[in-house]
There are 2 protein chains.
Amino acid sequence: MASLGELERAVMDLLWAGHEAATANTLRDRLATTTEAKGDAAGHEGKELAVTTVLTVLSRLEKKGLVERERGMRPHRYQAVSSREDHTAELMHEVLGSAPDREAVLARFIGSVTDSEAETLRKLLGHI
Amino acid sequence: MASLGELERAVMDLLWAGHEAATANTLRDRLATTTEAKGDAAGHEGKELAVTTVLTVLSRLEKKGLVERERGMRPHRYQAVSSREDHTAELMHEVLGSAPDREAVLARFIGSVTDSEAETLRKLLGHI
DNA sequence: TCAAAGTTCTACGTCACGTAGAAAAATTGC
DNA sequence: GCAATTTTTCTACGTGACGTAGAACTTTGA
């Protein structure tokens, strides 16, 4: 119960990037700019979504527990509940837990980790 | 592009469990038995699905690259392409790769790993 | 009090997935 | 060799998630 759609993901990325709370309007604008880069080479002007679209997505993300909003201020402010790193790490644990033999999975996992990542892991495991 | 539905997951679990190739019929039977346990306390007799249902799911899993079938034999034999551990580890890598700062994610990840898992990791990463 | 800005409700199209019948193809038992 | 049976493929429908947004309701600012 944690998979995100394309737009939901894009919104989370924005919230995670500049991690202060943002309004739906701000997000809508940033989405247009962000999408711009992804569009086909030629200046395919990032299309602005309707604010309601962004609001719907934010509501769904809130329901999923990924986003929380301050209802005090009038243009509600939205922000990610946890950092991208925390969320991603949590996801990794979920995946890991989906297999009976966790240690066997870890073995395979380590097998295909980059050198620098292995180094990072060694350090982290050192002082625990 | 790797999330599984409930039934798809159940089928993969069976293929991963007894990891010889199996026919759609065999799988349908095992699904009934397996489901039995999950049903409400009272002997809620695992309901047998139509074989076509199982076949459809197997086709979809094949298309997703998780299952392969031997078309030689007539009742086709199906088997998982990779072990559950390999598949799970691969998923973990996918998740890890979905964040820009992989090392930061690893830090959080390690932070909430069990002791025995940490031990396993140390061994796998070699001394030091 | 009104217009403007913001929020909630409702809704539609699409796609994945559970589910399976109908039709086509292959096997098997006589 | 042919009918009965098994297996596979095609087609399809219901449901729920997600992208998308208009309509309607609420709050704010002048």
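Anything mentioned here points back to the structure above.
Here's what I pulled together on the structure shown here.

1. Comments concerning the interface of chain A and chain B
(1) Moving on: With 36 residues of chain A at the interface, the matching set in chain B holds 38 residues.
(2) Moving on: Summed over both partners, the interface of chain A with chain B comes to about 3600 Å²; 70% of that surface belongs to carbon and sulfur atoms.
(3) Moving on: Counting the contacts that link chain A with chain B gives four salt bridges.
(4) Moving on: Note that B:Glu117 is salt-bridged to A:Arg102, the shortest N-O span being 2.5 Å.

2. What to know about the protein's contact with DNA strand D
(1) Moving on: In the vicinity of DNA strand D there are 23 residues, among which A:Glu6, A:Leu7, A:Thr56, B:Arg74 and B:His76 approach most closely.
(2) Moving on: For DNA strand D, the fraction of protein-proximal atoms (within 4 Å) that sit in sugar or phosphate groups is 60%.
(3) Moving on: Between a phosphate oxygen of DNA strand D and a main-chain N or O atom of A:Ser3, the distance comes to 3.1 Å.
(4) Moving on: For DNA strand D, a phosphate oxygen lies 3.1 Å from a polar atom in the side chain of B:Arg71.
(5) Moving on: For the surface near DNA strand D, the secondary-structure elements that each account for two or more residues are helix H1 (6–17) and helix H3 (51–63) of chain A together with helix H3 (51–63) of chain B.
(6) Moving on: No other element matches H3(A), which puts four residues into the surface near DNA strand D.
(7) Moving on: A breakdown of the residues in the surface near DNA strand D according to their chemical character gives five nonpolar, eight polar and 10 charged.

3. Some remarks on the pairing of strand E1 (residues 67–70) of chain A
Residues and elements named next belong to chain A.
(1) Moving on: Only one face of E1 is buried, namely the one carrying Val 67 and Arg 69, since none of Glu 68 and Glu 70 on the opposite face is buried.
(2) Moving on: Across four bridges, E1 lies against strand E2 (residues 77–80) in antiparallel orientation. Among the inter-strand pairings, Glu 68 is bridged to a residue of E2, identified as Gln 79.
(3) Moving on: Between E1 and the antiparallel strand that follows it, E2, lie six residues.

4. Side note on the packing of helix H4 (residues 84–97) of chain A against helix H5 (residues 102–111) of chain B
In a pair of packed helices, the angle between the axes and the distance between the axes together describe the arrangement.
(1) Moving on: Running from amino to carboxyl end, H4(A) crosses H5(B) at an angle of 55 degrees, the nearest separation of the two axes being 8 Å. By the criterion of interaxial angle, the relationship of H4(A) to H5(B) is oblique. Of the two possible hands of crossing, H4(A) and H5(B) adopt the one that is right-handed. Contacts between H4(A) and H5(B) involve A:Glu85, A:Asp86, A:Thr88, A:Ala89, A:Met92, A:His93 and A:Leu96 from the former and B:Ala104, B:Val105, B:Leu106, B:Arg108 and B:Phe109 from the latter.
(2) Moving on: Residues that form the contact of H4(A) with H5(B) fall into these classes: seven nonpolar, two polar and three charged.

5. Regarding the protein's contact with DNA strand C
(1) Moving on: Near DNA strand C there are 23 residues, and of these A:Arg74, A:His76, B:Glu6, B:Leu7 and B:Arg60 occur at the shortest range.
(2) Moving on: Protein-adjacent atoms of DNA strand C, using a 4 Å cutoff, are sugar or phosphate at a proportion of 61%.
(3) Moving on: Side-chain polar atom of A:Asn25 to a phosphate oxygen of DNA strand C: 3.3 Å apart, as the coordinates give it.
(4) Moving on: The separation between a base nitrogen of DNA strand C and a polar side-chain atom of B:Arg60 is 2.7 Å.
(5) Moving on: Elements represented by at least two residues in the surface near DNA strand C include exactly H3 of chain A together with helix H1 (6–17) and H3 of chain B.
(6) Moving on: Sorting elements by how many residues they give to the surface near DNA strand C places H3(B) first, with four residues.
(7) Moving on: Here the residues of the surface near DNA strand C are counted per class, giving five nonpolar, eight polar and 10 charged.

Thresholds, definitions, all that
- Residues numbered from 1 in each chain as written.
- Chains lettered and ligands numbered in written order.
- Predicted model: local features only at pLDDT ≥ 70, side-chain atom pairs only at ≥ 80, totals over all residues.
- Heavy atoms only, no water.
- Contact = heavy atoms within 4.5 Å.
- Buried area = accessible area lost by both parts, 1.4 Å probe.
- Salt bridge = Lys/Arg side-chain N within 4 Å of Asp/Glu carboxyl O.
- Near = heavy atom within 4 Å.
- Polar contact = N/O pair within 3.5 Å; in protein donor to acceptor, adjacent residues only side chain to side chain.
- Helix = DSSP H or I, 4+ residues; strand = E, 2+ residues; numbered from the N terminus.
- Nonpolar A, V, L, I, M, F, W, Y, C, P; charged D, E, K, R; others polar.
- Buried < 20%, exposed > 50% of the residue type's maximum accessible area, 1.4 Å probe, protein only.
- Pairing = 2+ DSSP bridges.
- Axes fitted to C-alpha atoms, helices over the stretch in contact; angles between N-to-C directions.
- Parallel < 35°, antiparallel > 145°, perpendicular 65-115°, else oblique.
- Left-handed = near helix turned anticlockwise from the far one by under 90°.

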